[in-house]
Amino acid sequence: MGPRRSKKRTPSFRKLLKTSNLKIENKLKNRQFKQQSSAKKYRKEQKKLRQSLKDASSRIPAPLERYKKRPEEEEDEEFEETLPVDMMEEDDLEQMKALARKASFLTRDLSSCAPVHGKKRKLDNVVENYEKMPRKMQKREEKEVIHLLPIKDKTGVIPQSMEKPVLEKVEEEAEEEDTNAEEVSVPEPLPVLSRQEMLSQRRQRLEERKAHIAELGSAILSEPVNNIKKVKELRSMLMEVDPFVAVTVRKLVMVSLMEVFKDIVPSYRIRPLTEAEKATKVKKETQQLREFEQGLVSQYKFYLENLEQTVKDWKQMKKKKSDAVSLKAYRGLAEVALKCLCELLTAFPHFNFHNNIIVMIVPLMNDPSRKVSDMCCEAVKKMLKQDKVGQASLGMVKVISGLVKSRNYDVKPEVLKTLLCLRIKEMEVMKDAEDVAPKKKFMTFKEKRKNLSRMQRKWKKAEEKLERELLEAEASESKEKKMKLHTETLNIVFLIYFRILKKAQKSVLLPTVLEGLAKFAHLINVEFFDDLLMVLHNLIESGVLSYRESLHCVQTAFHVLSGQGDVLNIDPLKFYTHLYKTVLKLHAGVSNDDMVIVLQCLDIMLTKRRKQVTLQRALAFIKRLTTLSLHVLPNSTIGILASDRVLMHTFPKTDILLDNESQGSGIYLPELDEPEYCNPQNTALWELQTLQRHYHPIVRKFAAHLAAGAPVEGSRALDLELSRRSAVDLFENYSVKGMTFNPPVAEPSSKKKDRFTIGEAVLNAELNKQIDAVLGAPSASTVMDFAAHVRRPDGPREMNS
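It should be emphasised that the depicted structure is a prediction, and the values quoted were computed from it without experimental measurement.

Reading the values: the criteria
Residues numbered from 1 in each chain as written. Predicted model: local features only at pLDDT ≥ 70, side-chain atom pairs only at ≥ 80, totals over all residues. Heavy atoms only, no water. Helix = DSSP H or I, 4+ residues; strand = E, 2+ residues; numbered from the N terminus. Buried < 20%, exposed > 50% of the residue type's maximum accessible area, 1.4 Å probe, protein only. Contact = heavy atoms within 4.5 Å. Areas by Shrake-Rupley, 256 points an atom, 1.4 Å probe, with all protein chains shown as cover. Lys, Arg positive; Asp, Glu negative; His and termini not counted. Salt bridge = Lys/Arg side-chain N within 4 Å of Asp/Glu carboxyl O. Arc of directions from axis to C-beta. pLDDT = per-residue confidence, 0-100. Axes fitted to C-alpha atoms, helices over the stretch in contact; angles between N-to-C directions. Parallel < 35°, antiparallel > 145°, perpendicular 65-115°, else oblique. Nonpolar A, V, L, I, M, F, W, Y, C, P; charged D, E, K, R; others polar. Core = buried A, V, L, I, M, F, W, Y, C linked by side-chain atoms within 4.5 Å. Domains from an automatic or database assignment. Phe/Tyr/Trp six-rings, centres within 6.5 Å; stacked < 30°, edge-to-face > 60°.

(A) The arrangement of the overall build of the protein in detail. Helices and strands together make up the secondary structure of the protein, namely 33 helices and two strands. Within the protein, buried positions represent 31% of all 801 residues. When contacts within the protein are restricted to residue pairs at least 6 apart in sequence, those whose partners lie at least 24 apart make up 68%. For the protein, the exposed surface amounts to about 56400 Å²; the carbon and sulfur share of it is 54%.

(B) Focus on the side chain of Glu-293. Relative to the elements of secondary structure, Glu-293 occurs in helix α12 (residues 284–316). We note that Glu-293 is buried and unpaired, the nearest opposite charge coming from Arg-290 at a distance of 6.8 Å. Not counting the four nearest positions on each side in its chain, Glu-293 is found in contact with Tyr-268 and Ile-270.

(C) Spotlight on helix α14 (residues 354–361). Every buried residue of α14 is listed here: His-354, Ile-357, Ile-358, Met-360 and Ile-361. End-on view of α14: buried residues confined to an arc of 165 degrees, all on one side of the axis. In this structure, α14 carries Asn-355 and Asn-356 as exposed residues pointing more than 90 degrees from its buried face.

(D) Local environment of the confidence of the model for the protein. Across the protein, the average pLDDT comes to 77, with 71% of residues at or above 70. Contacts for the low-pLDDT stretch residues 64–86, under 50 throughout, to residues beyond four places or in other chains number seven contacts.

(E) Representation of the environment of Thr-637. On the secondary structure map, Thr-637 appears in helix α28 (residues 634–650). Overall, the relative accessible area of 0% leaves Thr-637 in the buried class. In the structure, Thr-637 is positioned 65 residues away from Phe-702 in sequence and 9.4 Å away in space, judged by C-alpha atoms. Among residues more than four places away in sequence, those in contact with Thr-637 are Ser-629, Val-632, Leu-691 and Val-699.

(F) Looking closely at the packing of helix α10 (residues 246–264) against helix α13 (residues 330–347). For the pair α10 and α13, the least separation of the axes is 10 Å and the interaxial angle reads 5 degrees. The angle between α10 and α13 places the two elements in the roughly parallel class. For the pair formed by α10 and α13, the contact residues are Val-247, Arg-250, Lys-251, Met-254, Val-255, Met-258 and Lys-262 on the first element and Gly-332, Leu-333, Val-336, Ala-337, Cys-340, Glu-343, Leu-344 and Ala-347 on the second. Grouping the amino acids of the contact of α10 with α13 by side-chain chemistry returns 10 nonpolar, one polar and four charged.

(G) Region of the structure containing the nonpolar core. The biggest cluster of nonpolar side chains holds 159 residues, and the ones touching the most others in it are Phe-261 and Tyr-303. With 11 residues, the single largest contributor to this core is α13. Counting the residues that make up this core, at least three belong to each of domain 1 (202–352) and domain 2 (606–746). Once residues lying within four places of it in the same chain are set aside, the contact partners of Tyr-303 are Arg-235, Leu-238, Met-254, Leu-257, Met-258, Phe-261, Cys-340 and Leu-344.

(H) A look at the packing of aromatic side chains. All chains considered together, the criterion is met by 11 aromatic pairs. Summarising the aromatic geometry, the rings of Tyr-300 and Phe-353 are spaced 6.3 Å apart at their centres and angled 40 degrees between planes, so their arrangement reads as tilted. Taken as a pair, Tyr-300 in helix α12 and Phe-353 in the loop between α13 and α14 lie far apart in primary sequence, 53 residues in all. Judged by its relative accessible area of 21%, Phe-353 is partly exposed. Each residue in the set Phe-261, Tyr-300, Tyr-303, Phe-348, Phe-351 and Phe-353 is aromatic and connected to the rest through ring pairs, giving one cluster.

Here it is, written out as structure tokens:
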């Protein structure tokens, strides 16, 4: 028989690889265990060393302390000194002196030494007791013990000390004299620097700090992942203590850190790692990225805390221990810190600690300082305009609601004006467009089975799965989530508005509330329409509102009715009457700016509700608006005439206002405040003839256009640039706020000529002859006697030939 074969098989490569991985894991575990055990052993040794040092220091006898004698002890000693010594026997006196020379009872360690006069112990303790007794006690009174570092050997810790001998009395007296002389001597004065030298020194230090800040910033921006630790070094410069450059350096560091964070902060929110994620092993690049993210969040948090503390110090005027920054400089530092917070509020609505920035910024919107409040309000407006998702807007609205309620509605109107910048209305429009747009449809299972083979169905399934994943990746936020956020935001906004309408109708916030309701009224629930219209009408009738506020009430009411209120059968005649009655209060003065609201109200009241408006009402409004156009500024006149043009196109039968003949019974009653019963059909737009001689060319053009019946084609038709623009746009475009006319007024042509030519070109030939004859004739000397022609009372007048 041949050699017996071994039953063991040669291990495969996969098995060898698996075995090597197990070995590597075991080695790593053993290494970690050794490291932990060595660290534990090191901690135990350090603990023992500290304990032994503590015990050794407690066992070392402290040097004798000399205390001041009390007055009673001094009296006792004086009493003992007064005792006669010769009353004692000589043997007793010698024995007492011998005992006095042994000072062991004064210097022995009571915790370790046995009593001197105790009973004798066994022989084995004699040497130990002898060694424990102190030696050279006489010299120790004059020396001071200095403790040194201990020495450790096999037996334990051995404490070390050194005696410092005390100098002789003569030397001590000499030193005392020297110290007294030094105390008496005047210290050397510091070098006095001139103002120029101080400025140059400050400039030099400031340049050094700037160079260091620039170096750190460029290093961080070049490699943020590797140089994240330098952010901490840059942030440490916020605690600059040099009083010459402290304020400037801190401002520069604040702004530099803000710019650095704006460049290196990622476009996603960094969440903390879970315990399971920390325990799992990852690649080196992943671990490096995790360290960068955690370090970035930590440094960003500390930076925000520094900015917040700077603002709080300014508000509280809290004096710091170090005098590097004076109280006067707190305001400048706080303004720079606040500017950085506002920049971060608008730059990182998605990043960590954004809600903390909101909580810090919102109370400062109501700050007494106009500069601070304007800065915060502008930052909030910018953030609300840029927020497309709605998460940051919801957080901002919640904090504003809490602020208004906590201050009992005593806040600045600018705080609520920021809510007008919410993008909810625009998002609603986008939602409607998305619903109307055709969506991508996938094939059903029956269609696939009917039209495709088995392999084609398999490939089609894979393609549809990939397309769904791509669609999910492209969608940043789902529509449902956006609508949920917008609904919650609107609920809080309307809660703020309705609270003020109910509890603070005389507040300065009422105009802003009415303006906000006018913008978002189309989104209010239908159940609140009746109550809201009643509240608005009561506010108008109360007479406590200004003219602009009453216009906002009218605008809000018609916004409510133009949205979901279309389904309600309500005729807001009282609001039409109010606008018709009060529109003539506008003039070319301060109220000219209110014309924008009037034009918006006319558009929503007459043009968009054309089916609910009667012809009599349209005629009355056209006549009154044309009358109003005579005593307002040119931009308001252009806006009114543009509105009249739209109404004439919307209601074609209003062209009877261009005819002189009366239509029906009655006469026009311009003083009547009811548009339905003032007989506007019996009047004419004679104001257009006056407006055709207006100094503004656009007004003349519009007046001529309306007088011709507002034709769409022909010579009297308007240009495309004017006909396609709304009345509000024309009003703003031709505004005269800058004290300039649009278009500019042409300069008058000069009638004066440079020179005049006298000759045949100007005068007639016969006239020239007569002129020459008169000029060339000799001058006759004639005597003019006026008295000869005066009639005398006693006789006739004499005539001289």
